[in-house]
Amino acid sequence: MGDQGETADWMGRTLELAARADFQTSPNPMVGALVVGDGSVVGSGYHARAGLAHAEVVALERAGAAARGADLWVSLEPCCTSGRTGPCTERIIHAGIRRVHVATQDPNPLVSGRGIAALREAGVEVEVGEREAEAKRLIEPYAVWVTTGLPFISIKVAMSLDGRTATASRQSQWITSEEARAEAHSLRHSHDAVLVGSQTVMDDDPALTARYSYEGGRQPWRVVLDGRLRTPPSSRLLAPGGGPVVIFTSPASAPRRGPLEAAGARVVPVPGRQGRPAIRAALNRLARMGVVSVLVEGGPTLLASLQEERLGNRLVVFMAPTVLGGQEAPGAFGGEGAALIYQGWRWRFTQVTAVGGDLRIEAEAA
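This structure is a prediction, so every number in the text was calculated from the model and none was measured.

Cut-offs used in this document
Residues numbered from 1 in each chain as written. Predicted model: local features only at pLDDT ≥ 70, side-chain atom pairs only at ≥ 80, totals over all residues. Heavy atoms only, no water. Pairing = 2+ DSSP bridges. Helix = DSSP H or I, 4+ residues; strand = E, 2+ residues; numbered from the N terminus. Disulfide = S-S within 2.5 Å. Salt bridge = Lys/Arg side-chain N within 4 Å of Asp/Glu carboxyl O. Buried < 20%, exposed > 50% of the residue type's maximum accessible area, 1.4 Å probe, protein only. Phe/Tyr/Trp six-rings, centres within 6.5 Å; stacked < 30°, edge-to-face > 60°. Axes fitted to C-alpha atoms, helices over the stretch in contact; angles between N-to-C directions. Contact = heavy atoms within 4.5 Å. pLDDT = per-residue confidence, 0-100. Polar contact = N/O pair within 3.5 Å; in protein donor to acceptor, adjacent residues only side chain to side chain.

1. Examining the pairing of strand 15 (residues 347-355)
Right, so step 1: Relative to strand 16 (residues 358-365), strand 15 runs antiparallel, the two sharing eight bridges. Following the sheet pairing, Trp-347 is matched in strand 16 by Ala-365.
Right, so step 2: A loop of two residues connects strand 15 with strand 16, the two strands running antiparallel in sequence, and Gly-356 in this loop sits at a positive phi of about 60°.

Encoded structure:
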């Protein structure tokens, strides 16, 4: 495959390989691997999908006998447990790899540090930490899911320059540009599920598909928080062509789920209060279903529930250069809100970019 020289960025190429999975691996993380012998790549691979071979195994199989005495570069600590596939550490040791370069340790408590220890005990040299920040960013949703028991939560908001998400008459389509909406669909593609409240279903009848996804790319689960089961069975989100539909409701409304289940939805009762399913209970249930990341596109009531519980990891705001005004025009977050400034939900800006004529503002929970 060619001599790349001693200064080649092997770990950078490993991270690029991991990203080729294009978010298809849930509930597993995206991982890339390179086998390098005598300054040349002799094997490469990435984990393409849960249940298929891990990145290290793919790279070792492609390297064959050339793996003996070579170096292995991997974006995440090799696993030492048996799941759908066997431990990668055993395959590495058996292949005769002399040194393993690990970008970051696995956050999974069942693995964390143990894979590295197993390799070292077998006489394999292990180096850890090169381009660690980038590697952690790549597996951030997985890290949250595996350590908290909740999905990684991104909140998406489209608003005007004065913070309105709709006019006083509740017209919201379209505040932002076509380019911004295309990026919003890209966000859907990069998450396991899209979550809205029943009011959004009633007002907008969204399909909740990733319409800008490439052919054959995955579609996110379509999830609705609907305490009174108001979602019509004829809703666009129940039409073919999208991901599975899950509707969380209150136990009292669950007996009325027949028509929705007949239309293809999975109706799941979860505890709550005042007829509203608890957002934390719904998210916890999604996590147990194997949903690692959720994009929330709900209205003020749903986002208020997230604010009250401080449930959110990333906030993505598309801001249009238009002023709507109006005391009755809704903002992104409803509910009672903070009584005092210091009680506000604090975030930290991470990126601001121009998208068409709009701004895309990203922040992470402080």
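2. Points about the state of the cysteines
Right, so step 1: As enumerated under the stated definition, the model contains zero disulfides in all.
Right, so step 2: Among the cysteines around Cys-88, which has no disulfide bond, Cys-79 carries the closest sulfur, lying 3.7 Å off.

3. Section: the pattern of salt bridges
Right, so step 1: For the structure on display, the rule yields 18 salt bridges.
Right, so step 2: Among the ionic pairs, Arg-360 bridges to Glu-183, the shortest N-O distance being 2.5 Å. Taken as a pair, Arg-360 in strand 16 and Glu-183 in helix 7 (residues 178-189) lie far apart in primary sequence, 177 residues in all.
Right, so step 3: By relative accessible area, Arg-360 is classed as buried at 15%.
Right, so step 4: Of the residues examined, Glu-183 reaches a relative accessible area of 28% and is grouped as partly exposed.
Right, so step 5: Here Arg-348 and Glu-364 are joined by a salt bridge, their closest N and O atoms 3.0 Å apart.

4. Some words on the packing of aromatic side chains
To describe a pair of aromatic rings, one takes the distance between the centres and the angle between the planes.
Right, so step 1: All told, the structure shown has three aromatic pairs when counted by the stated rule.
Right, so step 2: Ring geometry for Tyr-142 and Trp-145: centres 6.3 Å apart, planes at 40°, overall tilted. On the criterion of helical spacing, the pair formed by Tyr-142 and Trp-145 is a turn pair, its members being three residues apart in helix 6 (residues 140-148). Each of the two residues, Tyr-142 as well as Trp-145, counts as buried.
Right, so step 3: A ring pair is formed by Phe-333 and Trp-345, whose centres lie 6.2 Å apart and whose planes are at 85°; its orientation type is edge-to-face. Within this pair, whereas Phe-333 is found in the loop between strand 14 (314-319) and strand 15, its partner Trp-345 is found in the loop between strand 14 and strand 15, the two being separated by twelve residues in sequence.
Right, so step 4: On the basis of relative accessible area, Phe-333 is assigned to the partly exposed category, the value being 31%.
Right, so step 5: Through pairs of rings, three or more aromatic residues link up here, namely Phe-333, Trp-345 and Trp-347.

5. A word on the environment of Val-111
Right, so step 1: Assignment of secondary structure puts Val-111 in the loop between strand 4 (99-102) and helix 4 (114-121).
Right, so step 2: C-alpha separation for the pair Val-111 and His-185, spaced 74 residues apart in sequence, amounts to 34 Å.

6. As for the sheet that holds strand 9 (residues 245-249)
Consider a sheet: its strands pair through backbone hydrogen bonds, and that pairing is either parallel or antiparallel.
Right, so step 1: Here we have nine strands laid out as an open sheet, ordered 10-9-8-7-13-6-14-16-15, and mixed in their pairing. The sheet is open, and its two borders are formed by strand 10 (266-269) and strand 15, each paired with just one other strand. Neighbour-to-neighbour, the strand axes of the sheet open up by a mean angle of 20°, direction not taken into account.
Right, so step 2: Strand contacts of helix 7: strand 6 (152-159), strand 7 (193-197), strand 13 (293-296), strand 14, strand 15 and strand 16, with the helix running at about 160° to strand 14, the strand carrying the most contacts.

7. A look at the confidence of the model for the chain
Right, so step 1: Per-residue confidence for the chain gives a mean pLDDT of 90; residues scoring 70 or more make up 95%.
Right, so step 2: The secondary structure element of the chain with the lowest average pLDDT is strand 11 (residues 272-273), at 82, and the one with the highest is strand 13, at 97.
Right, so step 3: Here residues 1-7 is a poorly scored stretch, pLDDT under 50, and it has 13 contacts once near neighbours within four places are set aside; other chains count.

8. Regarding the side chain of Ser-293
Right, so step 1: Relative to the assigned elements, Ser-293 resides in strand 13.
Right, so step 2: What makes Ser-293 buried here is its relative accessible area of 4%.
Right, so step 3: A distance of 3.0 Å separates a polar side-chain atom of Ser-293 from the backbone nitrogen of Asp-192.
Right, so step 4: Residues in contact with Ser-293, not counting those within four places in the same chain, are Pro-141, Pro-151, Phe-152, Ser-190, His-191, Asp-192 and Ala-193.

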